[in-house]
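Okay, here's what each chain looks like letter by letter:
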Amino acid sequence: ALYGRADALATARPPLPAEAQETAAAIRDQALRLNGMVGNLLDMARLQSGRVQLRREWQPVEEVVGASLKSLGAALAGHPVRTSGLGDLPLVQCDAVLMERVFCNLFENAAKYAPPGTPIVLEAEAGPEAVELRVRSGGEGFAAERLDKVFDLFERGRPESAVAGMGVGLAICQSIVAAHGGTIRAFNPPGGGACVAFMLPRGCPPAIETESLPPEGGKP
């Protein structure tokens, strides 16, 4: 409700005075951010209570990634997202809503700490037993002494950073990936920046049946 009303004010016609329009836009953006924080906390509580029932279906990872990018919208402004290998992945059995949350958190976290104008890179690779997805970004990377704690609840990779955050996003990612039988890790690549990589079991996706075309001039 807050987001909707603030957005209506920010986009009103005739437009509000510049100062009021800027204030409405700020309220809208902060309401959206607050909604994301509350959603993360609620998901964490459900996962820790063991009451989450995964709705597993065979999904193309490319579609889940696309949905997460669409929902983030302006949060990725100034950070083009580049992908590699997504189209070569097999179907993965997962809860699409929860897995979308994983990608949203990883992309948003990368955008917060990456220098303005730098890309966020998503790399995908299929192994014999699992698929691996890696989200890389530029910047200073994780503080080396905190790499073993970045997935703890309310912990942050750089606690002294001026970037706003609660230290919930990566904890949510770990819980969701673990619920899918996967693993997740964070590290600083040799070339600089930060990377979070997670693996999901590959499983045996169902065969996709294709309809054969009738012979030319024949009936279907």
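Let me begin by describing the structure that accompanies this report. (Residues numbered from 1 in each chain as written. Predicted model: local features only at pLDDT ≥ 70, side-chain atom pairs only at ≥ 80, totals over all residues. Heavy atoms only, no water.)

Next up on the list: the overall build of the protein. When helices and strands are tallied, the protein shows 5 helices and 7 strands. When its helices and strands are written in sequence order, the protein yields α-α-β-α-β-β-α-β-β-α-β-β. Looking at the protein residue by residue over its 220 residues, the buried ones come to 36%. By sequence separation, contacts in the protein at least 24 residues apart represent 69% of the contacts at least 6 residues apart. Carbon and sulfur atoms provide 54% of the accessible area of the protein, an area that totals close to 13,100 Å². (Helix = DSSP H or I, 4+ residues; strand = E, 2+ residues; numbered from the N terminus. Buried < 20%, exposed > 50% of the residue type's maximum accessible area, 1.4 Å probe, protein only. Contact = heavy atoms within 4.5 Å. Areas by Shrake-Rupley, 256 points an atom, 1.4 Å probe, with all protein chains shown as cover.)

Further remarks concern a nonpolar patch on the surface. Taken together, the side chains of Leu34, Val38 and Leu42 present a nonpolar region at the surface, about 250 Å² in accessible area. Within the secondary structure, Val38 is located in helix α2 (residues 18–49). (Patch = residues over 30% accessible without salt bridge, like charges linked within 9 Å, V, L, I, M, F, W, Y side chains within 5 Å. Salt bridge = Lys/Arg side-chain N within 4 Å of Asp/Glu carboxyl O.)

Here we take up the pattern of salt bridges. Tallying each qualifying case throughout the model produces 7 salt bridges. Put simply, Asp29 and Arg28 hold a salt bridge, and the shortest N to O gap is 3.3 Å. The class of Asp29 is partly exposed, set by a relative accessible area of 42%. With relative accessibility at 19%, the residue Arg28 sits in the buried group. Connected via shared salt-bridge partners are Glu123, Glu125, Glu132, Arg134, Arg136 and Arg185.

So, on to the sheet that holds strand β2 (residues 81–84). Read across the sheet, 5 strands follow the order β2-β4-β5-β7-β6 without closing on themselves; strand pairing throughout is mixed. Of all the strands in the sheet, just β2 and β6 (183–187) have a single pairing partner and so form its edges. Between one strand axis and the next, the sheet turns by 15° as a mean value, whatever way the strands run. In this structure, β6 lies alongside strand β7 (residues 194–201), joined through 5 bridges in antiparallel fashion. Residue pairing across strands places Ile184 opposite Phe198, the latter belonging to β7. The sheet contacts of helix α4 (residues 96–113) involve β2, β4 (120–126), β5 (130–137) and β7, and relative to β7 the element is tilted by about 170°. (Pairing = 2+ DSSP bridges. Axes fitted to C-alpha atoms, helices over the stretch in contact; angles between N-to-C directions.)

Counted under the stated rule, the structure contains 2 aromatic pairs. Plain terms: the ring middles of Phe103 and Phe107 are 6.2 Å apart, the flat faces sit at 25° to each other, and that makes the pair stacked. A residue pair is termed a helical-turn pair when its members lie 3 or 4 positions apart in one helix, as Phe103 and Phe107 do in helix α4 at 4 residues. (Phe/Tyr/Trp six-rings, centres within 6.5 Å; stacked < 30°, edge-to-face > 60°.)

Attention shifts here to the environment of Gly4. By secondary structure assignment, the location of Gly4 is in helix α1 (residues 2–10). Assessed through its relative accessible area of 41%, Gly4 is described here as partly exposed. Linking Gly4 and Arg28, residues 24 residues apart in sequence, is a C-alpha distance of 7.6 Å.

It is at 10 Å that the axes of α2 and helix α5 (residues 169–179) come closest, and there the two elements cross at 35°. Two packed elements cross with a definite hand, and for α2 against α5 that hand is left-handed. Facing Asn40, Asp43, Met44 and Leu47 of α2, the residues of α5 in contact are Gly169, Ala171, Ile172, Ser175 and Ile176. Partitioned by chemical class, the residues of the contact of α2 with α5 number 5 nonpolar, 3 polar and 1 charged. (Left-handed = near helix turned anticlockwise from the far one by under 90°. Nonpolar A, V, L, I, M, F, W, Y, C, P; charged D, E, K, R; others polar.)

Inspection of the secondary structure assignment puts Arg134 in strand β5. Judged by its relative accessible area of 16%, Arg134 is buried. Of note is the side chain of Arg134, whose polar atom sits 2.9 Å from the side chain of Glu132. If we ignore the near neighbours within four places in the chain, the residues touching Arg134 are Val121, Leu122, Glu123, Glu125, Cys195, Val196 and Ala197. (Polar contact = N/O pair within 3.5 Å; in protein donor to acceptor, adjacent residues only side chain to side chain.)

For the rest of this paragraph, the subject is the packing of α1 against α2. Packing of α1 against α2 brings their axes to within 8 Å, and their N-to-C directions diverge by 155°. By the angle between their axes, α1 is roughly antiparallel relative to α2. α1 and α2 meet at a crossing whose hand is left-handed. Here α1 contributes Leu2, Tyr3, Ala6, Asp7, Leu9 and Ala10 to the contact with α2, which in turn contributes Gln21, Ala24, Ala25, Ile27, Arg28, Ala31 and Leu32. (Parallel < 35°, antiparallel > 145°, perpendicular 65-115°, else oblique.)

Interpretation in functional terms is not warranted from these geometric data alone.
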